[in-house]
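This is what each chain is made of:
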Amino acid sequence: MQIFGTSAGISIDKSNSNFDSFSAKRDIEKSFNLLNELEINSIGSLRLYRPSATAAFAPRDILLPGYTEAAHAMLDLGFFPVERRTGGHLAVYDQNSVVIDLVAGHPFPRRHIKERFSSFSNLIVNTLNEFSVDARVGQIAGEYCPGEFSVNINGTVKIAGIAQRIGRHGYHLGVVISLDRSEAAIAAFERAYKLLNLDIDLSTIGSLIECYHKISTQKFLNALETNILKLIKMEI
């Protein structure tokens, strides 16, 4: 079963966010443009990077009565509002997180959507398990941008969310993993979700270092990149 459809191979994008006021928009548009330009036999792209302060609104958020006020509030709090063009609800993150963008060609991109979600979420969990982290796949009550394939620790705090967008000739899998606690992001979540009239339990917002103080985030990220490439190469 060809879930990831990357027979043409994957290139590693080592570019970082510029951390200026427009980098959040550029980071979102980069993956969007790569997806639109894909051909079936195009070489895919894998990028892991620390993002600038971003408030990524989902299309359904933009239709809510409180969106305009929420977007302005995010700017006031130092988070650049962008539309991330995938499902779910607002995700807020900054340099305390890591973003994973996988863009790859697939002959039938609308097939195996759920399987890609499941495989990628479980890969993150399995990599965390290698570092003795009690990570699990599944939604917890009150989490931001609730999703079946969220990654949590101990079944109590969400540390990662995953989204997927389908193009004509491929897909984009996007993941945000919270590595360290961001008080600024939590404050932004509280403000925005109130203005959007969305439910959120702030105690469910967690981070890897917050729960496991001694973990080396760089070793974890290195292992994660290795495991992603191993997973993809199983289909090449």
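Read on for a plain summary of the structure. This structure is a prediction, so every number in the text was calculated from the model and none was measured.

Some remarks on the overall build of the chain
Here's step 1: Each helix and strand in the chain was counted, giving seven helices and ten strands.
Here's step 2: Taking 236 residues into account, the globule formula puts the C-alpha radius of gyration at 18 Å, and the chain, at 17 Å, falls close to it.
Here's step 3: Along the three orthogonal principal directions, the C-alpha set of the chain runs to about 45 × 40 × 30 Å.
Here's step 4: Within the chain, buried positions represent 53% of all 236 residues.
Here's step 5: Once local pairs closer than 6 in sequence are excluded, the contacts in the chain between residues at least 24 apart make up 77%.

Section: the pattern of salt bridges
Here's step 1: Enumeration according to the criterion identifies eight salt bridges in this entry.
Here's step 2: Across the pair glutamate 183 and arginine 181 runs a salt bridge whose closest N-O atoms are separated by 2.6 Å.
Here's step 3: In this structure glutamate 183 comes out as exposed when scored by relative accessible area, which is 51%.
Here's step 4: The network of salt bridges with shared partners includes Arg181, Glu183 and Glu210.

Here we look at helix 5 (residues 183-195)
Here's step 1: Over its 13 residues, helix 5 extends 19 Å from the first C-alpha to the last, a length consistent with the 18 Å expected when each residue adds 1.5 Å.
Here's step 2: For helix 5, the set of buried residues is Ala185, Ile186, Ala188, Phe189, Ala192, Tyr193 and Leu195.

A few points about the sheet that holds strand 9 (residues 157-166)
In any sheet, the strands associate via hydrogen bonds between backbone groups, in a parallel or an antiparallel arrangement.
Here's step 1: Strand order across the open sheet formed by seven strands is 1-2-6-10-9-8-7, with mixed pairing between neighbours. Of all strands in the sheet, those with a lone pairing partner are strand 1 (10-13) and strand 7 (135-137), marking the two edges. Strand-to-strand, the axes of this sheet are offset by a mean angle of 15°, without reference to chain direction.
Here's step 2: In the sheet, strand 1 pairs with strand 2 (residues 44-49) via four bridges, with the strands oriented parallel. In the sheet register, isoleucine 10 faces strand 2, and the bridge partner there is glycine 44.
Here's step 3: Sheet contacts for helix 7 (residues 217-233): strand 1, strand 2, strand 6 (97-105) and strand 10 (170-178); angle to strand 2, the most-contacted strand, approximately 165°.

What about the pairing of strand 3 (residues 54-57)?
Here's step 1: The two faces of strand 3 match: Thr54 and Ala56 on one face and Ala55 and Phe57 on the other face are all buried.
Here's step 2: Two elements, strand 3 and strand 4 (residues 80-83), share four bridges in a ladder whose sense is parallel. Of the residues in strand 4, the one forming a bridge with alanine 56 is valine 82.
Here's step 3: Of the strand pairs in this sheet, strand 3 and strand 5 (residues 91-93) are connected by three bridges, and their pairing is antiparallel. Residue pairing for strand 5: threonine 54 is matched across the bridge by tyrosine 93.

Remarks on the sheet that holds strand 3
Here's step 1: Ordered in space as 4-3-5, the three strands form an open sheet in which the pairing is mixed. If you trace the sheet from one side to the other, it starts and ends with strand 4 and strand 5, each paired once. Direction aside, neighbouring strands of the sheet carry axes that sit 20° apart on average.
Here's step 2: Of the strands in this sheet, strand 3, strand 4 and strand 5 are in contact with helix 1 (residues 23-37), which crosses strand 4 at around 20°.
Here's step 3: Sheet contacts for helix 3 (residues 67-76): strand 3, strand 4 and strand 5; angle to strand 3, the most-contacted strand, approximately 165°.

Considering the packing of aromatic side chains
Here's step 1: Counted under the stated rule, the structure contains six aromatic pairs.
Here's step 2: Measuring from ring centre to ring centre gives 5.4 Å for phenylalanine 117 and phenylalanine 149, while their planes differ by 0°; the resulting arrangement is stacked. One end of the pair, phenylalanine 117, is in helix 4 (residues 113-130); the other, phenylalanine 149, is in the loop between strand 7 and strand 8 (151-153), and 32 residues separate them in sequence. The same class applies to phenylalanine 117 and to phenylalanine 149, which are both buried.
Here's step 3: Between the aromatic rings of phenylalanine 131 and phenylalanine 220, the centroid separation amounts to 6.2 Å while the plane-to-plane angle is 85°, which identifies the pairing as edge-to-face.

A word on empty space enclosed by the protein
Here's step 1: Enumeration over the complete set of coordinates arrives at one cavity of 30 Å³ or more.
Here's step 2: In this model, the largest cavity occupies a volume close to 30 Å³.
Here's step 3: As for the largest cavity, its lining consists of Asp13, Lys30, Ser31, Leu34, Ser45, Arg47, Asp101 and Val103.
Here's step 4: In terms of residue count, helix 1 provides more of the lining of the largest cavity than any other element does, three residues in total.
Here's step 5: Here the residues of the lining of the largest cavity sort into two nonpolar, two polar and four charged.

Concerning the side chain of serine 182
Here's step 1: Relative to the assigned elements, serine 182 resides in the loop between strand 10 and helix 5.
Here's step 2: A polar contact is formed between the side chain of serine 182 and the side chain of aspartate 94, at a distance of 2.6 Å.
Here's step 3: Once residues lying within four places of it in the same chain are set aside, the contact partners of serine 182 are Asp94 and Asn96.

Conventions we followed
Residues numbered from 1 in each chain as written. Predicted model: local features only at pLDDT ≥ 70, side-chain atom pairs only at ≥ 80, totals over all residues. Heavy atoms only, no water. Helix = DSSP H or I, 4+ residues; strand = E, 2+ residues; numbered from the N terminus. Rg over C-alpha atoms; globule rule 2.2 N^0.38 Å. Buried < 20%, exposed > 50% of the residue type's maximum accessible area, 1.4 Å probe, protein only. Contact = heavy atoms within 4.5 Å. Salt bridge = Lys/Arg side-chain N within 4 Å of Asp/Glu carboxyl O. Expected span 1.5 Å × (residues − 1). Pairing = 2+ DSSP bridges. Axes fitted to C-alpha atoms, helices over the stretch in contact; angles between N-to-C directions. Phe/Tyr/Trp six-rings, centres within 6.5 Å; stacked < 30°, edge-to-face > 60°. 1 Å grid on protein atoms, 1.4 Å probe; cavity = no way out; pocket = protein on both sides within 12 Å on 5 of 7 lines; lining within 4 Å. Points joined across faces, edges and corners; volume = space filled by probe spheres on them. Nonpolar A, V, L, I, M, F, W, Y, C, P; charged D, E, K, R; others polar. Polar contact = N/O pair within 3.5 Å; in protein donor to acceptor, adjacent residues only side chain to side chain.

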